[in-house]
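# Overview (structure and organization)
This is what each chain is made of:
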Amino acid sequence: MRPFGTDPGLDALVVEKARQAADAQGWALSDTTLLLSAHGSQRGQASHDITMALAERIAPHFARVVAGFVEQEPFIADAARGLDRAISLPLFALRAEHVTDDLPQALDQAGFTGPRLDPVGLAPEVPAMIAASIAAEVSSLK
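Residues numbered from 1 in each chain as written. Predicted model: local features only at pLDDT ≥ 70, side-chain atom pairs only at ≥ 80, totals over all residues. Heavy atoms only, no water.

Turning next to the pairing of strand 2 (residues 64-69). Burial within strand 2 is extensive, with 5 of its 6 residues counted as buried. With 6 bridges joining them, strand 1 (residues 33-38) and strand 2 adopt parallel strand pairing. In the sheet register, S37 faces strand 2, and the bridge partner there is G68. With helix 2 (residues 46-58) bridging strand 1 and the parallel strand 2, this β-α-β connection has right-handed handedness. (Buried < 20%, exposed > 50% of the residue type's maximum accessible area, 1.4 Å probe, protein only. Helix = DSSP H or I, 4+ residues; strand = E, 2+ residues; numbered from the N terminus. Pairing = 2+ DSSP bridges. Right-handed = clockwise from strand over helix to strand, strands pointing away.)

Below is the structure:
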């Protein structure tokens, strides 16, 4: 199956989660920067490419979309540095080491002061999205 980061419903989910956070701050989404944090890899480009494609697709909704990675450039701290009126959304499945340790350290190092959202994989909409993807894959095998 294709990676969850390529799910066709992910764009709308990311935009909606960011919209909710922007609304809570009293910011217009079009005046807000979205920082997408992802794993990245020194061995392959898949995580990077999927993240950058997502950033490009959702960019029209925001003032700017910036991506940062744990294991490759641009690193999260570098990507987050100097961002104003920005929201951080981790593109991770769960709240584990990278989200609980690496991401907060990088954001603190960058002086990032915006809202820090839960990983997108914890959104209540995600199980239904995954189930729909599995059902579609199974149907295609018949």
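Let's pick the thread back up.
Glancing now at the side chain of S37. Among the structural elements, S37 can be located in strand 1. If we skip the residues at most four places from it in the chain, S37 touches G68, I76, S88, L89, P90, L91, F92 and L103. (Contact = heavy atoms within 4.5 Å.)

So, about the pairing of strand 3 (residues 86-90). Looking along a regular strand, one sees the side chains alternate between the two faces of the sheet. Counting buried positions over the 5 residues of strand 3 gives 5, a clear majority of the element. Of the two faces of strand 3, both are covered, the one formed by A86, S88 and P90 as well as the one formed by I87 and L89. Where strand 1 and strand 3 come together, 5 bridges link them in parallel fashion. Its bridge partner being in strand 3, S37 is matched across the sheet by P90.

Sheet architecture is open: 3 strands sit in the order 2-1-3, paired in parallel fashion. Both edges of this open sheet fall to strand 2 and strand 3, since each of them pairs with a single strand only. On average, adjacent strands in this sheet sit at an angle of 25° to one another, irrespective of strand direction. Sheet strands in contact with helix 4 (residues 97-110) are strand 1 and strand 3, and its direction is about 155° off that of strand 3. (Axes fitted to C-alpha atoms, helices over the stretch in contact; angles between N-to-C directions.)

Judged by nonpolar contacts, the single largest core of 26 residues is most densely connected at V14, L34, L36, I58 and F62. Mapped by element, the contributors of at least two residues to this core are helix 1 (10-25), strand 1, helix 2, strand 2, strand 3 and helix 5 (126-141). In terms of nonpolar packing, the next biggest core, distinct from the first, is built from 16 residues, L35, A86, V99 and L103 among them. (Core = buried A, V, L, I, M, F, W, Y, C linked by side-chain atoms within 4.5 Å.)

Pairs may arise between side chains of opposite charge once their charged atoms sit close together. Enumeration over the complete set of coordinates arrives at 5 salt bridges. Taking the shortest distance from any N to any O, the salt bridge between E16 and R19 comes out at 3.6 Å. With E16 and R19 both in helix 1 and 3 residues apart, the pair spans about one turn of that helix. Classification of R19 by relative accessible area gives partly exposed; the value is 32%. Note that D78 and R81 form a salt bridge whose closest N and O atoms lie 3.1 Å from each other. Assessed through its relative accessible area of 47%, D78 is described here as partly exposed. (Salt bridge = Lys/Arg side-chain N within 4 Å of Asp/Glu carboxyl O.)

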